[in-house]
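# Report on the structure
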Amino acid sequence: MNRLLTFFAAPLLTAGLLSACASQAPTASVTGEVFYLQRMALPPQAVLSVTLQDVSLADAPAIELARQQGPVSGQVPLPFHLDYNPQQIDPRHRYSVSARIELDGRLLFISTQHYGVKLDGSDQPLRIKLDPVR
């Protein structure tokens, strides 16, 4: 009976593992750091958000492909790592990375320049400068 159970269980287990591997989407990443020039420390409650967006359509909102968001850990420069699915990338489209720092829902710093990325690894790591919000 044990052999019979093993005979049927092994193929089912193998099929389950293969389907789990197949369902994982391939990933690529964009890395870099965020900084600002002001000489000030961030409180530990500050939140950093970095996003990768498709900005191809001028008359439509950008499409978010990846986001890293969480409490600020340490002081500037602040590293970021965005994982995205390369199957979502269209080589005819334009992509950019933007960042912001908030404290209790109030915007403190934001990227005001365009940080375009080709998503082919040639423009990494990125350095994104944030400007203060007055």
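Residues numbered from 1 in each chain as written. Predicted model: local features only at pLDDT ≥ 70, side-chain atom pairs only at ≥ 80, totals over all residues. Heavy atoms only, no water.

Ranked by internal contacts, the top residues of the largest apolar core, which has 28 residues, are Val 30, Leu 42, Leu 52, Phe 80, Val 97, Ile 101 and Ile 128. Looking at this core, the elements that each hand over two or more residues are β1 (28-35), β2 (47-54), β3 (63-71), β4 (78-84), β5 (95-103), β6 (106-110) and β8 (126-129). Here this core takes 5 residues from β5, the largest share from any one element. Not counting residues up to four positions away in its chain, the partners in contact with Ile 128 are Glu 33, Val 34, Phe 35, Phe 80, Val 97, Ala 99, Ser 111 and Tyr 115. (Core = buried A, V, L, I, M, F, W, Y, C linked by side-chain atoms within 4.5 Å. Buried < 20%, exposed > 50% of the residue type's maximum accessible area, 1.4 Å probe, protein only. Helix = DSSP H or I, 4+ residues; strand = E, 2+ residues; numbered from the N terminus. Contact = heavy atoms within 4.5 Å.)

Under the defined criterion, the tally for this structure stands at 5 salt bridges. Between Glu 64 and Arg 67 there is a salt bridge; the shortest N-O distance is 2.9 Å. Taking relative accessible area as the criterion, Arg 67 reaches 43% and is therefore assigned partly exposed. The partner of Asp 90 in a salt bridge is Arg 92, and the shortest N-O contact between them spans 2.7 Å. A relative accessible area of 16% means that Asp 90 is categorised as buried. (Salt bridge = Lys/Arg side-chain N within 4 Å of Asp/Glu carboxyl O.)

A separate point is the pairing of β8. Burial of the side chains of β8 is restricted to one face: Leu 126 and Ile 128 are buried, whereas none of Arg 127 and Lys 129 on the reverse face is. In this sheet, β8 lies alongside β1 in parallel orientation, the contact comprising 4 bridges. Counterpart to Phe 35 in the pairing with β8 is Lys 129. (Pairing = 2+ DSSP bridges.)

For the structure shown, the criterion picks out 1 aromatic pair. Note on Tyr 36 and Phe 109: the rings are 4.2 Å apart at their centroids and 15° apart in plane angle, and the pair reads as stacked. Taken as a pair, Tyr 36 in the loop between β1 and β2 and Phe 109 in strand β6 lie far apart in primary sequence, 73 residues in all. Owing to a relative accessible area of 4%, Tyr 36 belongs among the buried residues under this scheme. (Phe/Tyr/Trp six-rings, centres within 6.5 Å; stacked < 30°, edge-to-face > 60°.)

This next bit is on the sheet that holds β8. In spatial order, the strands read β4-β1-β8; together these 3 strands make up an open sheet with mixed pairing. Two strands bound the open sheet, and with one partner strand each, they are β4 and β8. Strand-to-strand twist in this sheet, taken as the mean axis angle between neighbours without regard to direction, amounts to 30°. Note: β1 against β4, 7 bridges, orientation antiparallel. Its bridge partner being in β4, Ser 29 is matched across the sheet by Asp 83. (Axes fitted to C-alpha atoms, helices over the stretch in contact; angles between N-to-C directions.)

Looking now at the confidence of the model for the protein. With 83% of its residues at a pLDDT of 70 or more, the protein shows a mean pLDDT of 86. Confidence drops under pLDDT 50 across residues 4-20; counting only partners more than four residues distant or on other chains, this segment forms 1 contact. (pLDDT = per-residue confidence, 0-100.)

Next up on the list: unusual backbone geometry. Between Val 76 and the following residue, Pro 77, the backbone shows a cis peptide bond with an omega angle of 0°. You can see Pro 77 is positioned in the loop between β3 and β4. Positive phi is not limited to glycine here, since Asp 104 has a value of about 55°. Its location among the elements puts Asp 104 in the loop between β5 and β6.

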